[in-house]
Amino acid sequence: VGKRGDKKSWKQKDIDELILKMATEPLLPSSSDVPNSQQQQQQQHTSNVKSIVRLKGGDPFLFGRTRTEIEALRSNNIPYSYTPGISSCIAGPHLGGIPLTD
């Protein structure tokens, strides 16, 4: 659902809604939809917790619209975590051996 200059982009509101939908869907189909032996097998190999990953390039708080996604999760009491990335304005000079401070 990423944003690309040359392709039609998702609206941020739709991305937020998709994240909430994915985070709140049941982990397993209802027991009436799955034969008993298959259901038992699925339950043995699945945890009761699922993770939804929203992968972004670089720093997710720099033009990443991460705030709205976090607000959507918070307002629905869905736990979350994020891992900060490195922005290209830092990574580029670093890879070129150029210090940004002396």
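Quick caveat, the model's predicted, so the values are computed rather than measured.

Parameters at a glance
Residues numbered from 1 in each chain as written. Predicted model: local features only at pLDDT ≥ 70, side-chain atom pairs only at ≥ 80, totals over all residues. Heavy atoms only, no water. Helix = DSSP H or I, 4+ residues; strand = E, 2+ residues; numbered from the N terminus. Buried < 20%, exposed > 50% of the residue type's maximum accessible area, 1.4 Å probe, protein only. Contact = heavy atoms within 4.5 Å. Core = buried A, V, L, I, M, F, W, Y, C linked by side-chain atoms within 4.5 Å. Phe/Tyr/Trp six-rings, centres within 6.5 Å; stacked < 30°, edge-to-face > 60°. Axes fitted to C-alpha atoms, helices over the stretch in contact; angles between N-to-C directions. Parallel < 35°, antiparallel > 145°, perpendicular 65-115°, else oblique. Left-handed = near helix turned anticlockwise from the far one by under 90°. Nonpolar A, V, L, I, M, F, W, Y, C, P; charged D, E, K, R; others polar.

S.K.: I would appreciate a short explanation of the overall build of the protein chain in the present structure.
M.R.: Looking only at helices and strands, one finds four helices and zero strands in the protein chain. Along the protein chain, helices and strands appear, N-terminal first, in the series α-α-α-α. In the protein chain, buried positions account for 17% of the 102 residues. Within the protein chain, counting contacts between residues at least 6 apart in sequence, those at least 24 apart form 48% of the total.

S.K.: Just to check I follow, could you spell out the nonpolar core for this structure?
M.R.: The nonpolar side chains of a soluble globular protein tend to be buried with one another. Grouped together as the largest cluster of nonpolar side chains are six residues: Ile-15, Ile-19, Leu-20, Ala-72, Leu-73 and Ile-78. The biggest single contributor to this core is helix 1 (residues 12-24), with three residues. Setting aside chain neighbours within four positions, we find Leu-73 in contact with Ile-19, Leu-20, Ile-78 and Tyr-80.

S.K.: Got a minute to help me understand the environment of Pro-93 in this structure?
M.R.: Within the element layout of this structure, Pro-93 appears in helix 4 (residues 88-95). Look past the residues within four positions of Pro-93 in its chain and what remains in contact with it is Ser-88, Ile-98 and Leu-100.

S.K.: Just to check I follow, could you spell out the packing of aromatic side chains for this structure?
M.R.: Enumeration according to the criterion identifies one aromatic pair in this entry. Judged by centre distance (4.8 Å) and plane angle (75°), the rings of Phe-61 and Tyr-82 are edge-to-face. Remark: Tyr-82 occurs in the loop between helix 3 (66-75) and helix 4 and Phe-61 occurs in the loop between helix 2 (36-44) and helix 3; sequence separation between them is 21 residues. Using a relative accessible area of 43% as the deciding quantity, one classes Phe-61 as partly exposed.

S.K.: Just to check I follow, could you spell out the packing of helix 1 against helix 3 for this structure?
M.R.: Two elements in contact, helix 1 and helix 3, have axes whose closest approach is 9 Å; the angle formed by their N-to-C orientations is 40°. When the interaxial angle is binned, helix 1 and helix 3 end up oblique. Judged by the twist between their axes, the crossing of helix 1 over helix 3 is right-handed. Between helix 1 and helix 3, the residues in contact are Gln-12, Ile-15, Asp-16, Ile-19 and Leu-20 and Thr-68, Glu-69, Ala-72 and Leu-73, respectively. In the contact of helix 1 with helix 3, the residues fall into five nonpolar, two polar and two charged.

S.K.: Help me understand the environment of Lys-11, please; the structure alone is not making it clear to me.
M.R.: By the element assignment, Lys-11 lies in the segment before helix 1. With 10 residues separating them in the primary sequence, Lys-11 and Val-1 have C-alpha atoms 9.1 Å apart.

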